[in-house]
Amino acid sequence: MPELSIQEIVPGVMVALGGVCNRGIISQGGDVLVVDSGIAAAEAVPLRAAADGYRKEGSLYLFNTHPHGDHVYGNQVFADSPIIAHEGVRNDMVVNGEQSLANWKQNPRMAAHVSDVTITPPTVTFRNRMTVFVGDIEVQLLYFGIAHSPSDSVAWLPQSRTLFAGDLLFNSVVPAMPPGGSSANWVQALEQLEQLGVEHAIPGHGPVQTPTALADLRHWFVTLRALVSEAIASGRDRETTITKVAVEIQDVGRHGDPERASRAIGQVFDELSQSA
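What counts and how
- Residues numbered from 1 in each chain as written.
- Predicted model: local features only at pLDDT ≥ 70, side-chain atom pairs only at ≥ 80, totals over all residues.
- Heavy atoms only, no water.
- 1 Å grid on protein atoms, 1.4 Å probe; cavity = no way out; pocket = protein on both sides within 12 Å on 5 of 7 lines; lining within 4 Å.
- Points joined across faces, edges and corners; volume = space filled by probe spheres on them.
- Helix = DSSP H or I, 4+ residues; strand = E, 2+ residues; numbered from the N terminus.
- Nonpolar A, V, L, I, M, F, W, Y, C, P; charged D, E, K, R; others polar.
- Phe/Tyr/Trp six-rings, centres within 6.5 Å; stacked < 30°, edge-to-face > 60°.

J.: Describe the layout of surface pockets, listing the residues and the values that go with them.
T.: Roughly 970 Å³ of volume is contained in the largest pocket. Residue lining of the largest pocket: 26 residues in total, with Asp-70, Trp-104, Asn-107, Ala-176 and Pro-178 positioned closest to the centre. Put simply, the parts of the chain that give the lining of the largest pocket at least two residues each are helix 2 (69-72), helix 3 (87-105) and helix 7 (258-275). With five residues, the single largest contributor to the lining of the largest pocket is helix 3. Of the residues contributing to the lining of the largest pocket, the split by class is ten nonpolar, nine polar and seven charged. The volume enclosed by the second largest pocket comes to roughly 160 Å³. Ranked by the residues each element gives to the lining of the second largest pocket, the list is headed by helix 7, at three residues. Here the lining of the second largest pocket is composed, by residue class, of six nonpolar, four polar and two charged.

See the structure below:
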């Protein structure tokens, strides 16, 4: 794995790069809130060390944006601190955590990363929103429902207008769309996030760029849904829709694994077919 790199966004607000996903550290007055733990202890240990360096004698908290393994499988390294998440994240990890981990271990590219993972669910949950003060930094934890995952939340810092979007934002790359999400709800979530007036948008994956990334991803989804809808209306089946739309969606300007794009198209096809 690449080495951990800490990049300051504004004073007291850092993005942690170098892992499978982007993570965050918010620190002031000796208190620290970490955003997502990463895919395993190998990623979480240096993140914890960095957080402890900022913490000194204050409090340490971890926030999970959603239940996918690349964001929560490092939780065991923070088991001595409160782990905060939407109640849906805890429920998913309690009910499905062991099976999800078994599935990750079947992936040849990820098996080595997750070999020593112990499922560690959140210990503090909320329903719609929760506010945490890290020193004087206000952090609003906002729930957006089923979108990328069965339970997606963000960390919104209104004073600096900084957003830790979790996997509601993939910047420049084709977004992952595992089963259990909803592209329709994802579009709605992005619309709501745009209304916050974000100045610093931290994606779950991809480079840290400007807040226009929210609108860019929403446009990609709207275009994808329109193309798939047109294919369904013309009588195409799932496989021919994937083949056709995979070519057409390239014009919208995202790069990434072609297999991921095909899975996304298939997921939207299933979603639109069921709602027809």
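J.: Explain the packing of aromatic side chains residue by residue, including any values.
T.: Going through the model one piece at a time under the given rule, you end up with four aromatic pairs. Here the aromatic rings of Tyr-73 and Trp-104 are separated by 5.8 Å at their centres, their planes lie at 70°, and the arrangement is edge-to-face. Taken together, the residues span a long stretch of sequence, with Tyr-73 in the loop between helix 2 and strand 6 (83-86) and Trp-104 in helix 3 at a distance of 31 residues. Linked through ring pairs, Phe-170, Trp-186, Trp-220 and Phe-221 together constitute an aromatic cluster.

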